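A closer look at the structure
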2 protein chains.
Amino acid sequence: MADQLTLGLLGGTGPQGRGLALRFALAGHQVLLGSRSEERARSVVAELFERDLPVKGVANPQAAAEAEVVLLTFPFEAQRAVLPGLAEAIGDKVVVDVVNPLGWDELGAVMLDVPEGSAAEQAQVLLPRARVTAAFHHAPPRLLADPDREVDTDVLVVGDDPVARAVVIGLADVIPGCRGIDAGPLRLARYLEGLTAVVVSVNRRYKIHAGVRITRLSEERRLRLAPPAAGEEGS
Amino acid sequence: MADQLTLGLLGGTGPQGRGLALRFALAGHQVLLGSRSEERARSVVAELFERDLPVKGVANPQAAAEAEVVLLTFPFEAQRAVLPGLAEAIGDKVVVDVVNPLGWDELGAVMLDVPEGSAAEQAQVLLPRARVTAAFHHAPPRLLADPDREVDTDVLVVGDDPVARAVVIGLADVIPGCRGIDAGPLRLARYLEGLTAVVVSVNRRYKIHAGVRITRLSEERRLRLAPPAAGEEGS
């Protein structure tokens, strides 16, 4: 999983996208930071990233077309508008939906009603050929953005294609303090997205930037029972 | 929170109820292990608990009537049938819904469709005067049952009454390896219940009994920002 990949972050100019872009670039991946406006993407990259980091600001369609792995880091509202026009360019690539479909009211955060069950399942409907996964919901943007701090969270990865899950677990593993964990089928994405509302609530109460850890999972066991990466599929 | 409480575990003869009963009794609480059948409750207690532990097998109505705090540890299917007949006895007591409304199919565990949003919100509808909370969803029964092992999980507590949340956080804190965490309003129970499907999926893949930890929450901060216990309410 140490291979260098070209990663396209669609809607990557928000806090989650910028933070992930930084961490992936620091780990040596090529990052295409996409936005609806190429100008906006370029100015965010020029402003926030050191010149020698492999991050390039591009329009979303270019990020979708040139990336090997596509991450969806736009707000939930944008997903249904943006994805249909990119389905052709994305094709059967591995897609990581990072979107948390959250709303806010006087009680705090709550998950929005998504007819497909979750943002990730909606993405799968809009990108029928793609190998959609969901992950990185609970990686705090504030910590991702600060390379001097450990992110200190497990990254629960769901998806129906085991090779795609293995790719995303590999992406999580390059971020210091993160561990990618295989959490099973894509339909469980709704609970990962909903858990973000709980994490937000805990953060507000205790004034922290919490992550989530799975206990009793040793590193030896995690690596031994990881899903098979491409080329190790056996059959 | 070190006060001794009388705890009634309704449907407490299953794995989760027995495990919690053991841990609470070891911590010095009085436990009424309830079952639909008093005979069944008595025989489970006689068989599984040391004679000197403060655990007594009773019928559910007696547990509901005599307890200071009521825990719901029956299977989800039983909740709607059992609670209406106990609403009078439970009154405005603190209730802890431990129920995970899960179903199973070829893909693994999934949360059942609960019209009220979650098992805990259903319990609140059936017990309109009670101070309903939800907690202990992710405490592995196998570990609860073995007093020589640490349970190693945070206990995320939700509920709309802050004093009730404080009581339940206190109950979590007496179990070695557990920490009670204030996670906010009762409506977030649906995500805690759903998260159990993710934990079950992780357990199956890695062959572990996982718990869930919130990271970056120090003990000092957790205790300082806990919800006010009864008598500390200020006004």
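So, here is what we can say about the structure in this document. (Residues numbered from 1 in each chain as written. Chains lettered and ligands numbered in written order. Predicted model: local features only at pLDDT ≥ 70, side-chain atom pairs only at ≥ 80, totals over all residues. Heavy atoms only, no water.)

1. Quick notes on the packing of aromatic side chains
Residue and element names in this part refer to chain A. Using the following cut-off: Between rings of Phe, Tyr and Trp, where Trp is taken as its six-membered ring, a pair exists when centres lie within 6.5 Å; planes separated by under 30 degrees are stacked, by over 60 edge-to-face, and by other angles tilted. Secondary structure elements are defined from DSSP: runs of H or I of at least 4 residues count as helices, runs of E of at least 2 residues count as strands, and each element is numbered from the N terminus. Three labels apply to residues, based on accessible area from a 1.4 Å probe with only protein chains included: buried if under 20% of the type maximum, exposed if over 50%, partly exposed otherwise in between.
Inspection of the entire model under this criterion finds two aromatic pairs over all chains. Ring geometry for Phe 24 against Phe 136: centres 5.8 Å apart, planes inclined by 80°, an arrangement best described as edge-to-face. Of this pair, Phe 24 sits in helix α1 (residues 15-26) while Phe 136 sits in the loop between β8 (131-134) and α7 (141-144), and the two are 112 residues apart along the sequence. For Phe 136, a relative accessible area of 1% translates into the label buried.

2. Here's the deal with the sheet that holds strand β1 (residues 6-10) of chain B
Residues and elements named next belong to chain B. This is how the line gets drawn: Paired strands are those between which DSSP finds at least two bridges. Think of each axis as a best-fit line through the C-alpha atoms, taken over the contacting stretch in the case of a helix, with angles from 0 to 180 degrees between the N-to-C directions. In what follows, a contact means two residues having at least one pair of non-hydrogen atoms within 4.5 Å.
Here eight strands make up an open sheet; going across it, the order is β3-β2-β1-β4-β5-β8-β9-β10 and the pairing mixed. With one partner strand each, in any of the chains shown, β3 (55-59) and β10 (178-184) form the two edges of the open sheet. Direction aside, the axes of adjacent strands within the sheet are offset by 25° on average. Sitting on the sheet, helix α2 (residues 38-48) touches β2 (30-35) and β3, and the angle it makes with β3 is about 165°.

3. Comments concerning the sheet that holds strand β5 (residues 94-97) of chain A
What the eight strands build is an open sheet, ordered β3-β2-β1-β4-β5-β8-β9-β10 (chain A); its pairing is mixed. Of all strands in the sheet, those bounded by a partner on one side alone are β3 (55-59) and β10 (178-184) of chain A. Taking each pair of neighbouring strands and ignoring which way they run, the sheet shows an average axis angle of 25°. Each of β1 (6-10), β2 (30-35), β3 and β4 (69-72) of chain A is contacted by α1(A), which is oriented at about 165° to β2(A), the strand it contacts most. Against the sheet, helix α9 (residues 189-206) of chain B makes contact with β9 (153-159) and β10 of chain A, and its axis sits at roughly 95° relative to β10(A), the strand it touches most.

4. Topic: the environment of Ser218(B)
Residue and element names in this part refer to chain B. Basically, it comes down to this: Definition of a polar contact: a pair of N or O atoms within 3.5 Å, with one able to donate and the other able to accept a hydrogen when the atoms are protein atoms, and with sequence-neighbouring residues admitted only if both atoms are side-chain atoms.
Within the fold, Ser 218 resides in the loop between β11 (212-214) and α10 (219-224). Taking the relative accessible area as the measure of exposure, Ser 218 reaches 36% and is therefore partly exposed. Among the polar contacts made by the side chain of Ser 218, one reaches the main-chain amide nitrogen of Arg 221 at a distance of 3.1 Å.

5. A short note on the environment of Asn203(B)
Residue and element names in this part refer to chain B. Mapped onto the elements, Asn 203 comes out in helix α9. Not counting residues within four places of it along the chain, the set of residues in contact with Asn 203 comprises Ile 208, His 209 and Ala 210. At a separation of 2.8 Å, a polar atom in the side chain of Asn 203 contacts the main-chain amide nitrogen of Ala 210.

6. Quick look at the interface of chain B and chain A
What counts here: The salt bridge definition used is simple: a Lys or Arg side-chain nitrogen within 4 Å of an Asp or Glu carboxyl oxygen.
Chain B puts 43 residues into the contact, and the matching count from chain A is 43 residues. Across the contact surface, chain B and chain A share four salt bridges. Arg205(A) serves as the salt-bridge partner of Asp182(B), at 4.0 Å between the closest nitrogen and oxygen. On the surface where chain B and chain A come into contact, there are 19 residue pairs in polar contact (both at pLDDT 80 or more). Listing elements by their share of the side of chain B that touches chain A, those giving two or more residues are β7 (108-111), β10, α9, β11 and α10 of chain B. In terms of residue count, α9(B) provides more of the side of chain B that touches chain A than any other element does, 10 residues in total.

7. Quick look at helix α1 (residues 15-26) of chain B
Residue and element names in this part refer to chain B. Short version of the rule: What a helix should span is 1.5 Å times the count of its residues minus one.
Over its 12 residues, α1 runs 17 Å from end to end, which matches the ideal 16 Å to within 8%, given 1.5 Å per residue. Burial within α1 is extensive, with nine of its 12 residues counted as buried. Every buried residue of α1 is listed here: Gln 16, Gly 17, Gly 19, Leu 20, Ala 21, Leu 22, Arg 23, Phe 24 and Ala 25. In the core, the buried residues of α1 are packed alongside β1, β2, β3, β4 (69-72), α7 (141-144) and α8 (162-173).

8. Focus on the side chain of Thr215(B)
Within the element layout of this structure, Thr215(B) appears in the loop between β11 and α10. By relative accessible area, Thr215(B) is classed as buried at 7%. A polar atom in the side chain of Thr215(B) sits 2.8 Å from the backbone nitrogen of Gly211(A).

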